[in-house]
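The chain contents come next:
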Amino acid sequence: MPHDSIVLLGVNHKTTPLEVREKIALSGGYDEPLASLASVDGLNEYYLLSTCNRVEVLFATGDPERTKGRVLDMLFGDTVTAEDANHYVYCYEDEEAVRHLLMVAASLDSMIVGEAQILGQLKEAYRYAAQKRTCGLILNRLLRKSFSVAKRVRTETRIGSNAVSISYAAVELSRKIFGQLQGKAVMLVGAGEMAELAAEHLVGQGVSDVVVANRTLERAVKLARRFNGRAVSLEELVGQLAAVDIIISSTGSPGLILNKDEVKSVMRERRNQPLFFIDIAVPRDLDPGINDLDNVYLYDIDDLQSVVEMNKAERDVEAVKAERIVAEEALKFKCWLDNMEVTPTIIALRKEAEHICRAELDKTFGRLKNISPGDRRAIEKMADSIVSKILYHPMQFLKGGNTRLDRCEKINTVRNLFRLDDDNGPIREP
Amino acid sequence: MSYLLFQITFAAYFLATAAYIVFFVSQKRRVRIIARTIFLVAAILHTLNILARYLEAGHIPITSYHETVSFFAWSIAWSYLLFRWRYTIKNFGTFVSVLTLLLMFMAAMASREILPLVPALQSWWLPVHASIALVADGFLALACIGGIMYLLQEREIKRKRFGLFYSRLPSLEALDRLNYQCLSVGFPLMTLGIIAGSIWAKQAWGSYWQWDPKETWSLITWLLYAALVHQRFTVGWRGRRAAIMSIVAFLAVLFTLWGVTFLLQGVHTYAA
């Protein structure tokens, strides 16, 4: 009796362009798709994960080929053509599926490798599945395993400790300068996309106040509204420096928009509270001399890029370590799964033997009227040890990994030998 | 007894420092726990050592050179532990343990003879004046270490080249706050120590202030710290300048403690 196959179907940022991912993404939460999966035949256990970079469904089934098609239809049938689905959706089975899930949990498959968000998303997805009781023995074990693997990777490697995108690097640097970002204010000068992204990260880290300064006020107002901030005009730039802590500049201006002396003039008013300038414009917006001022730090796009490159190099080294951990844990899980196959046979065998033993003992005790309770116990004990001694080698045969025989074959041999699957049951009475 | 305790304490500080340095490089959590435990044990042993010496000498052991330096190390260790109890500064312990070990080394080099108390010092003002001053120096030493850490960290951030310290030291903000907090304990204590000394001087010699070299240098040190504290509060001096100032002022503390004793003469020279 082999266990169910584990199948993982999904799309992610590597295989699928954003246009398709957008359509597939489960924007309505997990409840509905989980409910619709419940009606798919042959799905014994299942779970769904949807993030902005991936949609994955993991399930255990006795009939992988047929179930795959049904699941695909159910989830993506309405939104994507079958051709697209075949083209973009990847499908892993058993060991591959386990490995992939562990890679995802450990953030080795993420767009930004090592980012910590994915584990939270995975846990949330699992919470939904657990509420609906869609996970059984295998998936419960597998998903919990993926959490512990993620934790192991995080503690044993330094994969998550480095910022590997410009905007993350900006956040990390801000943290090294300001410590806590709570209560700090950021000003966007120019309303570029990259600046917006960096601001988003900063707000995510606790920055509370966003000011947008732009040449056209209309665009500034629009962007400010997104962050619940306020808009100012470019002329007010220097005056605003007194009130903000981080400045991200990305205007299309051909020359400098802020020079050293202007910044110096506000430091007294700021009581020397630090200022962090991030200049991601090309050509540069900010006077490089600003970096020479006390308590003022200036990073331009190249500086940030080199931080990113340095971190990437280190991260790649760590990723190798992390993948080793994943491989190791995937192997452990496989062992557990394999034992799962063996376990029912072992239980059935022991039960059968105990049954025979009990029956024979009862018969004997029925004839022996005058024995003391002590003798009785001694006889019972002897019978038990005969049983376990006889079963010892068959059990070892089942559990043992050294024989060249296939596991399935071994299980079959034992089941036939002891007639465990016989409808009439093994010998009861001679 | 106190001799033996001193040896053990010294060894314990040595182990703690070694463990802290290993932790600093490797950043393994288990090593940190070990380092902290040893450091705490060392500080406790040190306290016992000072108590034992107090019992042997019959007066508070901060009169000889060996005693003063050892007591100074003790006050740094305990002001660190006190600080640690309220605030966490990443890898602060490494720097503190190195300084403590250095001082213990200097103390170990010096003569450990117990000298009889000069009549002029036989007063209950001695423990008050000397211990307050040395505890103040402990906190000022922490401010100085904070300053050094600040400069190391800032250098890497300003130059945009991240080496050993960037990931291991806390944020600039945290280091600056450390400077501020240690100053706000250390400076008032130092002021108190000087006042106590001056009252004692009035009782012992009949005048509050005699301009002997030690007093003069204490005043110079005090003025340096006063300037730093004043600038911090009024114009918001902070960061690099405050860090440099804390280091310079602490050098003045060290000079007051030793330089004066060895290079210049005065009423405080019996301490040699």
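Residues numbered from 1 in each chain as written. Chains lettered and ligands numbered in written order. Predicted model: local features only at pLDDT ≥ 70, side-chain atom pairs only at ≥ 80, totals over all residues. Heavy atoms only, no water.

A. Spotlight on the state of the cysteines. Applying the stated criterion across every chain yields a total of zero disulfides over all chains. This cysteine, Cys135(A), is not joined by any disulfide, and Cys91(A) carries the nearest cysteine sulfur, 18 Å off. Looking at the unpaired Cys144(B), the closest cysteine sulfur is the one in Cys182(B), lying at 11 Å. (Disulfide = S-S within 2.5 Å.)

B. Main features of the sheet that holds strand E7 (residues 230-233) of chain A. All names here are of chain A. Taken in spatial order, the six strands line up as E7-E6-E5-E8-E9-E10 in an open sheet, and their pairing is parallel. Each end of this open sheet is capped by a strand with a single partner; those strands are E7 and strand E10 (296-300). Geometrically, the sheet is characterised by an average inter-axis angle of 20° between neighbouring strands, direction not taken into account. For strand E8 (residues 246-249) and strand E9 (residues 275-279), the ladder comprises four bridges, and the chain directions are parallel. Looking at the pairing, isoleucine 247 lines up with phenylalanine 277 of E9. Helix H9 (residues 193-204) rests against strand E5 (185-189), strand E6 (209-214) and E8 of the sheet, and its axis sits at about 160° to E8. (Pairing = 2+ DSSP bridges. Helix = DSSP H or I, 4+ residues; strand = E, 2+ residues; numbered from the N terminus. Axes fitted to C-alpha atoms, helices over the stretch in contact; angles between N-to-C directions. Contact = heavy atoms within 4.5 Å.)

C. Broad picture of the packing of helix H2 (residues 29-57) of chain B against helix H3 (residues 65-86) of chain B. Residue and element names in this part refer to chain B. Viewed as axis vectors pointing N to C, H2 and H3 meet at an angle of 140°, and their least axial separation amounts to 10 Å. Of the possible angle classes, the one that applies to H2 and H3 is oblique. For the crossing formed where H2 meets H3, the hand is left-handed. Packed against H2, whose contacting residues are Arg36, Phe39, Leu40, Ala43, Ile44, His46, Thr47, Asn49, Ile50 and Arg53, the element H3 presents His66, Glu67, Ser70, Phe71, Ala73, Trp74, Ala77, Trp78, Tyr80, Leu81 and Arg84 at the interface. Grouping the constituent residues of the contact of H2 with H3 by class yields 12 nonpolar, five polar and four charged. (Parallel < 35°, antiparallel > 145°, perpendicular 65-115°, else oblique. Left-handed = near helix turned anticlockwise from the far one by under 90°. Nonpolar A, V, L, I, M, F, W, Y, C, P; charged D, E, K, R; others polar.)

D. Seen up close, the packing of aromatic side chains. Residues and elements named next belong to chain B. Under the criterion given, the structure shown has 22 aromatic pairs over all chains. Ring centres of phenylalanine 24 and phenylalanine 165 lie 6.0 Å apart, and the angle between their planes is 50°; this geometry places the pair in the tilted category. Remark: phenylalanine 165 occurs in the loop between helix H5 (125-159) and helix H6 (172-205) and phenylalanine 24 occurs in helix H1 (residues 2-26); sequence separation between them is 141 residues. For the pair phenylalanine 24 and phenylalanine 165, a shared accessibility class is recorded, and that class is buried. Here tyrosine 180 and phenylalanine 233 contribute two aromatic rings whose centre-to-centre distance is 6.0 Å and whose plane-to-plane angle is 55°, an arrangement assigned as tilted. Of this pair, tyrosine 180 sits in helix H6 while phenylalanine 233 sits in helix H7 (residues 213-234), placing them 53 residues apart in sequence. (Phe/Tyr/Trp six-rings, centres within 6.5 Å; stacked < 30°, edge-to-face > 60°. Buried < 20%, exposed > 50% of the residue type's maximum accessible area, 1.4 Å probe, protein only.)

E. Looking closely at the nonpolar core. Counting 117 residues, the largest nonpolar core has Ile246(A), Ile248(A), Phe276(A), Phe39(B), Phe92(B), Leu142(B) and Tyr225(B) as its most contacted members. Top element by residues in this core is H5(B). It accounts for 15 residues. In this view, Ile248(A) contacts Val186(A), Met187(A), Leu188(A), Val189(A), Ala195(A), Ala198(A), Ala199(A), Leu202(A), Ile278(A) and Ile280(A); residues no more than four positions away in its chain are not counted. Formed by 64 residues, the second largest nonpolar core is a distinct cluster that contains Val20(A), Tyr46(A), Ala319(A) and Ala330(A). (Core = buried A, V, L, I, M, F, W, Y, C linked by side-chain atoms within 4.5 Å.)

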